Amino acid sequence: MTRIEFWQGNTACAEGALAAGCRFFGGYPITPSTEVAEHMAVKLPKKNGIFIQMEDEIASIASVIGASWTGARAMTATSGPGFSLMMENIGFAAMTETPCVIVNVQRGGPSTGQPTMGAQGDMMQCRFGSHGDYSIIALCPASVQEMYELTAKAFNLADEYRVPVFLMADEVVGHMREKIVIPDSVPYVSRKALVKGTLPFKADSDLIPGFPQFGKGYGVHVTGLTHDERGYPCATNPKLHEALVMRLVDKIESARHKIADYEILNPDAEEVFIAYGAPVRTVQQLMHDQQDKTLGFLRIRTVWPFPEFALKEFKNARRFLVPEMNLGQIAREIERHVQVPVVSLPKLGGDLHTPAELLTALEAR
Amino acid sequence: MSFEDWYRQDRLPHIFCAGCGNGTIINCTLAAIEQMAWKKEETVFVSGIGCSSRAPGYIAADSLHTTHGRAIAFATGVKLANPELNVVVFTGDGDLAAIGGNHFIHGCRRNIDITVICMNNQIYGMTGGQGSPTTPLGCFSSTTPFGCAEAPFDLCELAIAAGANYVSRWTSYHVKELEKAVYAGLQTPGFSFIEALVQCPTAFGRRNKFKQVGDQVDYLRTHSMLKAKHDRLLEQGEHIPPDMFVVGELVRRNRPVPGVKI
């Protein structure tokens, strides 16, 4: 039986994780994500799980990665400054192909910035924040319902692709309260186990190696150094390094179509809005107010890997308008893929775009 | 099983320099683990970055070679998520006391049931010999060319103050004592910390008037003072030369140990 609740976004995130079987949370208090940790602190012990408040965000993500190697579904939640601290170990997770879920309830930056105000300023950081080349998956919820569903989905993607998956929420969605329908269960994709006797970092045809869980007799060596298929350090072989990094990138990029999650409204429109996260709500309001089929809308839930093929579905598009709570981080990504003008509609400070602001942008031709 | 079975033979030769003390510490640790009759499939080795942190790569069990300074935080996740696993951390003075200092004291405070073995060579060996938080006053390194001007950490005092359940210090000279100490550490529930001072001929010895590997090992031998003697001298108000360091079992206690089985 489904049930209906009236929840805060951060509560829905924690509950989505629990429904997905998350059994380890390592975190550190930071506004505006703290409610995720607080909810997990109450709920996890009752589900035989582990909640631990670590000494900082570096340790939080480290404990999550350690827990993941024992086979547990593990997550952390943070915001801007904590997210910055996590970057090195996020690269470690990408390099060692450790499934983990990182929730970033974004707030205004740079630095301490606006702890209680929403922003989307970390969209590029989650994609490129750690050093070196790699690929990750990032989801952007626009409602309390999606805080639940996309968090659960993040665990499946992390386990399927053996990659850090980000839930790039924002303060607006994290702290708003609205109606949510709780399903009986959420879809579950398990981690592919390593076949005994095969090399631990030798990928299958899907470019993803089986997971050699600690404590199962694999005797696997896991290192952040460039490693061969045995998992052994091999840091000075240029070809081996290139092949490893290319595989880490390709296993995500080649699955872009499969990972992609987006919605298209009025594909024949000439004027097309593109949004993710909280600004989705303003565009929806505008579309609702206008009742105008000449307005198109691409609403993206998986921002990374970026589903550029979705842009091609707007064959008559003459302009893409991109409201973001940053200075056009994803607008720039869209520009790379289209020939028509891309109008970035940045808004900083924490307030959502108003429908009137979007209308003004639409009318300014 | 012989303790040699704990090594990944296909990983040899190792990267340690000729005369390095790290191998001695790994041997002592594996001998102690062998005594515990732990199985490979229920033992996990975790490390950070540095010479010491390469140790897990040579051991034929599950091993996690992580980022600089963070080994204890990773190990905390491993142990809490699966308390059935025996978790041993190899670290060095730079990894543990500089970049990882916060994780070290919080590991001790939390008293998670892991054993941390620090190979203290008093210098950054892997990067070519820079001063570390345990480089003694006046000692030379590539970043203390006029002699180290900062006082070093006493890692064991730090662990004791922060709450570790078991703390001892030995050197690469004291092979039997070290093995016993590691064994005691592995047996003690909670956070066990064993500091093993090691010679580093390549980065430390050659800059600090130890012409032969044996010279530095001999220095470690002659400058270690048993805890009992140290306490007696202290009680009698006698002078203890500042270049002497205490060896032996420094703490064994029973602070509560967290850990909920998943």
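Residues numbered from 1 in each chain as written. Chains lettered and ligands numbered in written order. Predicted model: local features only at pLDDT ≥ 70, side-chain atom pairs only at ≥ 80, totals over all residues.

Draft legend 1. The arrangement of the overall build of chain A in detail. When helices and strands are counted, chain A shows 12 helices and 16 strands. Compactness check: chain A gives a C-alpha radius of gyration of 20 Å against a globular reference of 21 Å for 365 residues, within 12% of the reference. Principal-axis analysis of the C-alpha atoms gives chain A an extent of 65 × 45 × 45 Å. Considering only intrachain contacts with a sequence separation of at least 6, the fraction spanning at least 24 residues in chain A is 74%. (Helix = DSSP H or I, 4+ residues; strand = E, 2+ residues; numbered from the N terminus. Rg over C-alpha atoms; globule rule 2.2 N^0.38 Å. Contact = placed C-beta atoms within 7 Å.)

Draft legend 2. Molecular detail of the pairing of strand 12 (residues 271-275) of chain A. All names here are of chain A. In terms of residue burial, strand 12 counts as a mostly covered element, since five of its five residues are buried. Of the two faces of strand 12, the one carrying Glu 271, Phe 273 and Ala 275 and the one carrying Val 272 and Ile 274 are both buried. Alignment of strand 12 against strand 13 (residues 295-300), held across five bridges, turns out to be parallel. Its bridge partner lying in strand 13, Phe 273 is registered against Phe 297. (Buried ≥ 20, exposed ≤ 12 C-beta atoms within 10 Å, placed from the backbone. Pairing = 2+ DSSP bridges.)

Draft legend 3. Looking closely at the sheet that holds strand 15 (residues 319-324) of chain A. All names here are of chain A. Overall, mixed pairing links the five strands, which are arranged 11-13-12-15-16 in an open sheet. Bordering the open sheet on either side are strand 11 (262-265) and strand 16 (342-346), each of which pairs with just one other strand. Shown here is a sheet whose adjacent strand axes are inclined to one another by a mean of 15°, direction ignored. This element, helix 10 (residues 279-290), spans strand 11, strand 12, strand 13 and strand 15 of the sheet and lies at about 155° to strand 13. (Axes fitted to C-alpha atoms, helices over the stretch in contact; angles between N-to-C directions.)

Draft legend 4. Local environment of helix 2 (residues 34-43) of chain A. Residues and elements named next belong to chain A. Within helix 2, the full set of buried residues consists of Val 36, Ala 37, His 39 and Met 40. Each buried residue of helix 2 lies within a common arc of 165° when the element is viewed along its axis, so the set occupies one face. Of the surrounding secondary structure, the elements contacted by the buried residues of helix 2 are helix 1 (9-19), strand 2 (22-27), strand 3 (50-53), strand 4 (73-78) and strand 5 (100-108). (Arc of directions from axis to C-beta.)

Draft legend 5. Just the domain arrangement of chain A, in detail. Residue and element names in this part refer to chain A. Taken domain by domain, chain A consists of domain 1 (3-182) and domain 2 (262-363). Averaged C-alpha coordinates put domain 1 and domain 2 at centres separated by 25 Å. Each partner contributes residues to the interface: domain 1 has 23 residues there, and domain 2 has 20 residues. Counting residues per element, the ones that place at least two in the side of domain 1 that touches domain 2 are strand 6 (114-118), helix 5 (123-128), strand 7 (137-139), strand 8 (164-170) and helix 7 (171-175). The biggest single contributor to the side of domain 1 that touches domain 2 is helix 5, with four residues. The class makeup of the residues in the side of domain 1 that touches domain 2 is 15 nonpolar, six polar and two charged. (Domains from an automatic or database assignment. Nonpolar A, V, L, I, M, F, W, Y, C, P; charged D, E, K, R; others polar.)

Draft legend 6. Examining the interface of chain B and chain A more closely. Taken together, the 31 residues of chain B in the interface contact 39 residues of chain A. Of all the elements in the fold, those that place two or more residues in the side of chain B that touches chain A are strand 2 (62-65), helix 2 (71-81) and helix 4 (101-110) of chain B. The element that contributes the greatest number of residues to the side of chain B that touches chain A is helix 2 of chain B, accounting for eight residues. Its residues assigned to classes, the side of chain B that touches chain A shows 13 nonpolar, 11 polar and seven charged. In this structure, strand 10 (residues 221-223) of chain A lies alongside strand 2 of chain B, joined through three bridges in parallel fashion.

Draft legend 7. Fine view of the sheet that holds strand 9 (residues 224-226) of chain B. Spatially, nine strands are ordered 10(A)-2(B)-1(B)-3(B)-4(B)-8(B)-7(B)-10(B)-9(B) in an open sheet, and the strand pairing comes out mixed. Sheet topology places strand 10 of chain A together with strand 9 of chain B at the edges, where each strand pairs with a single neighbour. The average undirected angle you get between the axes of adjacent strands in this sheet is 20°. Pairing of strand 9 of chain B with strand 10 (residues 245-252) of chain B involves three bridges; the strand directions are parallel. Paired with Met 225 of chain B across the strands is Val 246 of chain B, a residue of strand 10 of chain B. Contacts between helix 2 of chain B and the sheet are confined to strand 1 (43-47), strand 2, strand 3 (86-92) and strand 4 (115-120) of chain B, with strand 3 of chain B contributing the most and set at about 175° to the helix.

Draft legend 8. Seen up close, unusual backbone geometry. Residue Pro 110 of chain A is reached from Gly 109 of chain A by a cis peptide bond, and omega for that bond is 5°. Relative to the helices and strands, Pro 110 of chain A is located in the loop between strand 5 and strand 6. Note that the residue after Leu 12 of chain B, namely Pro 13 of chain B, is joined by a cis bond; omega there is 5°. Secondary-structure assignment places Pro 13 of chain B in the segment before helix 1 (22-36). Unusually for a residue other than glycine, Asn 48 of chain A sits at a positive phi of about 60°. By the element assignment, Asn 48 of chain A lies in the loop between helix 2 and strand 3. Residue Asn 48 of chain A is classed as exposed on the basis of its 10 C-beta neighbours within 10 Å.

Draft legend 9. Layout of the packing of helix 2 of chain B against helix 4 of chain B. Residues and elements named next belong to chain B. With their axes 8 Å apart at the nearest point, helix 2 and helix 4 run at an angle of 40° to one another. Judged by the angle between their axes, helix 2 and helix 4 are oblique. Across the interface between the two elements, Ile 72, Ala 73 and Thr 76 of helix 2 pack against His 103, Phe 104 and Gly 107 of helix 4. Its residues assigned to classes, the contact of helix 2 with helix 4 comprises three nonpolar, three polar and no charged. (Parallel < 35°, antiparallel > 145°, perpendicular 65-115°, else oblique.)

Draft legend 10. Spatial organisation of the nonpolar core. Residues Val 78 and Val 89 of chain B are the most contacted members of the largest nonpolar core, which totals 177 residues. No other element matches the 10 residues that helix 6 (residues 144-161) of chain A contributes to this core. When residues of this core are assigned to domains, at least three map to each of domain 1 (3-182) and domain 2 (262-363) of chain A. Aside from chain neighbours lying at most four places away, what touches Val 78 of chain B is Gly 66, Ala 67, Trp 69, Thr 70 and Phe 214 of chain A together with Val 44, Val 46, Leu 85 and Val 87 of chain B. (Core = buried A, V, L, I, M, F, W, Y, C linked by C-beta atoms within 7 Å.)

Draft legend 11. Inspection of the packing of helix 1 of chain B against helix 6 (residues 175-187) of chain B at higher detail. Residue and element names in this part refer to chain B. At a closest axis distance of 8 Å, the pairing of helix 1 and helix 6 adopts a crossing angle of 50°. By the angle between their axes, helix 1 is oblique relative to helix 6. Judged by the sense of rotation from one axis to the other, the crossing of helix 1 with helix 6 is right-handed. Residues Thr 24, Cys 28, Thr 29, Ala 31, Ala 32, Ile 33, Gln 35 and Met 36 of helix 1 touch helix 6, and the partners they reach there are Val 175, Leu 178, Glu 179, Val 182, Tyr 183 and Leu 186. Among the residues making up the contact of helix 1 with helix 6, the classes are represented as 10 nonpolar, three polar and one charged. (Left-handed = near helix turned anticlockwise from the far one by under 90°.)

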